[in-house]
Amino acid sequence: MVKAIASRMSWAWIGVVPFVVFALLFLILPTANLVIGAFQDKEGGFTLANIANLNQPHLIQSYWISIKISAASSILGGLIGFMLTWAIVMGRLPDWIRPTILTFSGVASNFAGVPLAFAFLATLGRAGLVTTLLVKFFDFSPYQVGFNLLSFWGLTITYLYFQIPLMVLILTPAMDGLRREWREAAEILGASKYQYWRHVGFPVLWPSILGAVLLLFANSFGAVATAFALTGSSLNIVTIQLFAQIRGDVLHDQNLGYALALGMIVITGLSNGAYIWLRQRSERWLR
């Protein structure tokens, strides 16, 4: 019997091996290399100069702009995603709408990089389809009132394309976990819909909502391909600064790039850590 159990465990571990190898090669070792490189000079000696150089005004500004864009896209994405999730889970819509939206969300949440940037340029750019139609039929261009796709709000709106679907995918299981018995018990006791959501629904969902918003923050904070393809170097965000330092241009300083990456790891690590803690709190209600 012991041999049978050991055999089953060995076969089970075989299924885990590809994940462990992948995580080791593409997550753990690269992260360790970045952390080590952040504390090395060009000759490989130990130094704290790279960390100290992060205090440069343009680098601090790049972190601040990235944080603001990530906060804006995560809060807006969380709010819109919550309303969309509520509609498909509790809105009593036709049965075909929920699987359609969830399928689209699964695709859209992974649609980023150069294709997404091109799609928005072709849609909302100065010569984009929507801009052209607005000018033709309404004699109005959003660019006349200050809108610019290659700006803070332009990049934020672009990020919403994958932030909203990701919020839907994360929040749908949590909202499904709201048991019908809780609503029925509240109604029997004379509670209104507002009182149910105020005292039961939102307290149960709040850790999931806040955790999902934190995950959206980390998701947008680490995005580089979409921002670089859309704005180039016109928007000073930290991922573009990192790209410039490591890949090599007039700003080339590979170890400073490692220090920039270390700062990003700390910020996203704190965000993801808070998300995991909040998710564990929310899962207590789903057991």
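Quick caveat, the model's predicted, so the values are computed rather than measured.

**Some thoughts on empty space enclosed by the protein**
- Taken as a whole and judged by the stated rule, the model has one cavity of 30 Å³ or more.
- Size it by volume and the largest cavity reaches roughly 50 Å³.
- Of all elements in the fold, only α3 (57-90), α7 (152-176) and α9 (193-221) reach the threshold of two or more residues within the lining of the largest cavity.
- Tallying contributions element by element places α3 first for the lining of the largest cavity, with three residues.

**Details of the packing of α3 against helix α4 (residues 97-108)**
- In the contact formed by α3 and α4, the axes pass within 9 Å of each other and the chain directions differ by 145 degrees. The interaxial crossing formed by α3 with α4 has left-handed handedness. Facing α3, whose interface residues are Leu 84, Ile 88 and Val 89, α4 presents Ile 97, Arg 98, Ile 101 and Leu 102.
- Among the residues making up the contact of α3 with α4, the classes are represented as six nonpolar, no polar and one charged.

**Structural notes on the packing of aromatic side chains**
- For the coordinates displayed, the defined rule picks out twelve aromatic pairs.
- When the ring of Phe 104 is compared with that of Tyr 161, the centres are 6.3 Å apart and the planes differ by 80 degrees; the resulting orientation is edge-to-face. Of this pair, Phe 104 sits in helix α4 while Tyr 161 sits in helix α7, and the two are 57 residues apart along the sequence.
- According to the relative accessible area criterion, Phe 104 is partly exposed, its value standing at 46%.
- For the pair Phe 111 and Tyr 161, a centre-to-centre distance of 5.7 Å together with 65 degrees between the ring planes defines the contact as edge-to-face. Remark: Tyr 161 occurs in helix α7 and Phe 111 occurs in the loop between α4 and α5 (114-124); sequence separation between them is 50 residues.
- Each member of the aromatic cluster is reached from another via a ring pair, and the members are Phe 82, Tyr 196, Trp 197 and Phe 202.

Here is what the cut-offs are and how they apply
- For every chain, the first residue of the written sequence is number 1, and numbering continues from 1 along that sequence.
- Restriction of local features to residues with pLDDT of at least 70 applies here, the model being predicted, together with a cutoff of 80 or more for giving and counting side-chain atom pairs; totals for whole chains, interfaces and linings are based on all residues.
- Hydrogen atoms and water are omitted, and side-chain values are computed over all heavy atoms in the structure.
- In this analysis, the protein atoms alone were mapped onto a 1 Å grid. Cavities are point sets where a 1.4 Å probe fits without being able to get out; pockets are open sets with protein on both sides within 12 Å along at least five of seven lines; lining residues have an atom within 4 Å of a point.
- Grid points are joined across faces, edges and corners, and a volume is the space filled by probe spheres set on the points.
- Every helix listed is a DSSP run of H or I at least four residues long, and every strand listed is a run of E at least two residues long, numbered separately from the N terminus.
- Note on definitions: angles span 0 to 180 degrees between N-to-C directions of axes, and those axes are lines fitted to C-alpha atoms, for helices only across the stretch in contact.
- Handedness of a crossing follows from how the near helix is turned relative to the far one, being left-handed for an anticlockwise turn of less than a right angle and right-handed for a clockwise one.
- Here a residue-residue contact requires only that any non-hydrogen atoms of the pair lie within 4.5 Å.
- Throughout this entry, Asp, Glu, Lys and Arg are counted as charged residues, while Ala, Val, Leu, Ile, Met, Phe, Trp, Tyr, Cys and Pro are counted as nonpolar. The remaining residues, Gly among them, count as polar.
- Ring pairs shown here join Phe, Tyr and Trp side chains whose ring centres sit within 6.5 Å, with only the six-membered ring taken for Trp; geometry is labelled stacked below 30 degrees between planes, edge-to-face above 60, and tilted in between.
- Throughout, exposure labels follow a simple rule: accessible area from a 1.4 Å probe, protein chains only, divided by the maximum for the residue type, with under 20% read as buried, over 50% as exposed, and the rest as partly exposed.

Remember that the coordinates give geometry; whether it matters functionally is a separate question.
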